[in-house]
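A look at the structure
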Amino acid sequence: MELSKRQERIIEIVKEAGPITGENIAEKLSLTRATLRPDLAILTMAGFLDARPRVGYFFTGKTGSELLTEQIKKFKVQQFQHVPIVLKESVSVYDAISTMFLEDVGTLFVVDDHSCLTGVLSRKDLLRASIGQQDLNSVPVHIIMTRMPNITVCRKEDLLIDVAMKLINKQIDGIPVVRDTEAGLEVIGRITKTTITKVFVELITNDQV
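Here goes a summary of the coordinates provided. Starting afresh in each chain, residues are numbered from 1 along the sequence in its written order. Thresholds applied to this predicted model are a pLDDT of at least 70 for local features of residues and 80 or more for the giving and counting of side-chain atom pairs; totals over whole chains, interfaces and linings are not thresholded and use all residues. To obtain the side-chain values, all non-hydrogen atoms of the structure were included, while hydrogens and water were left out.

1. Topic: the nonpolar core
- Counting residues in hydrophobic clusters, the biggest one holds 16 residues, and the most contacted among them are Val93, Ala96, Leu108, Leu121, Leu126 and Ile144.
- Among the secondary structure elements, those contributing two or more residues to this core are helix H5 (93–103), strand E4 (107–111) and helix H6 (123–130).
- The contact definition used throughout considers only heavy atoms, calling two residues in contact when any of these lie within 4.5 Å. If sequence neighbours within four positions are ignored, Leu108 has contacts with Ile85, Leu87, Ala96, Thr99, Met100, Gly119, Val120, Leu121 and Leu126. For the purposes of this section, nonpolar cores are sets of buried Ala, Val, Leu, Ile, Met, Phe, Trp, Tyr and Cys residues that join through side-chain atoms within 4.5 Å. Only protein chains enter the accessibility calculation, which uses a 1.4 Å probe; a residue whose area is less than 20% of its type maximum is buried, one above 50% is exposed, and one in between is partly exposed. Each helix is a run of DSSP H or I of at least 4 residues and each strand a run of E of at least 2, with the numbering of both proceeding from the N terminus.

2. Some remarks on the environment of Arg37
- Along the chain, Arg37 falls in helix H3 (residues 33–46).
- Looking at Arg37, the relative accessible area reads 47%, which means it is partly exposed.
- Along the sequence, Arg37 and Gly22 sit 15 residues apart, while their C-alpha atoms lie 8.0 Å from each other.

3. Digging into H5
- Every buried residue of H5 is listed here: Val93, Ala96, Thr99 and Met100. Relative to the axis of H5, the buried residues are bounded by an arc of 115° and lie together on one face. For H5, the exposed residues set more than 90 degrees away from the buried face come down to Phe101 and Leu102.
- A positive backbone phi angle near 55° is found at Asp104, which sits one or two residues after H5. Directions from the helix axis toward the C-beta atoms define the arc.

4. With respect to the pairing of strand E8 (residues 185–192)
- Counting buried positions over the eight residues of E8 gives six, a clear majority of the element.
- Two strands form a pair only when DSSP identifies at least two bridges running between them. Across seven bridges, strand E7 (residues 174–180) lies against E8 in antiparallel orientation. By the bridge assignment, Pro176 is partnered in E8 with Arg190.
- What sits between the antiparallel neighbours E7 and E8 is a turn of four residues, in which Gly184 has the positive phi angle 145°.

Below is the structure:
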């Protein structure tokens, strides 16, 4: 995050004189305690400073990049998952291609009548199926989809950084978010490379996240 000049000066004071009370910090800056309260709250929530009752503020010793790393490691899938785009097993390859373009996604999830995951369709799967002389309207997606146990999944409680590693290591564009049911793995969301990129960019630029 980008700090104001006053916030940077507060950190310098705390580094030099900490632990130090808010009143003493305000005195050094010739300001009131009330004026400094928002700045101290921001610096404390961001992790630059810590505070102890009847002791005062002290510098945590952590750099901006260290604090950013700590924040990223706390993000969970449920905070950023999007609505999954699902198809039934009987849907044709032609309709799957149309859905992928209309929804502007790179991965489709195939489910059974219980909304439970049975397969995944990637751009490569659909491209491979479209090469040749076969009628795409007559080929159901269950013929070409990737099936379990070759599907990488995640759950809403998983850490986002762990899912990012799965995307990289498996070289895939998206992962279904699932929950366990008696019928199987119900698809409740999706995490994609675009999701991960958007989160990290917004975090670094201090926007939205």
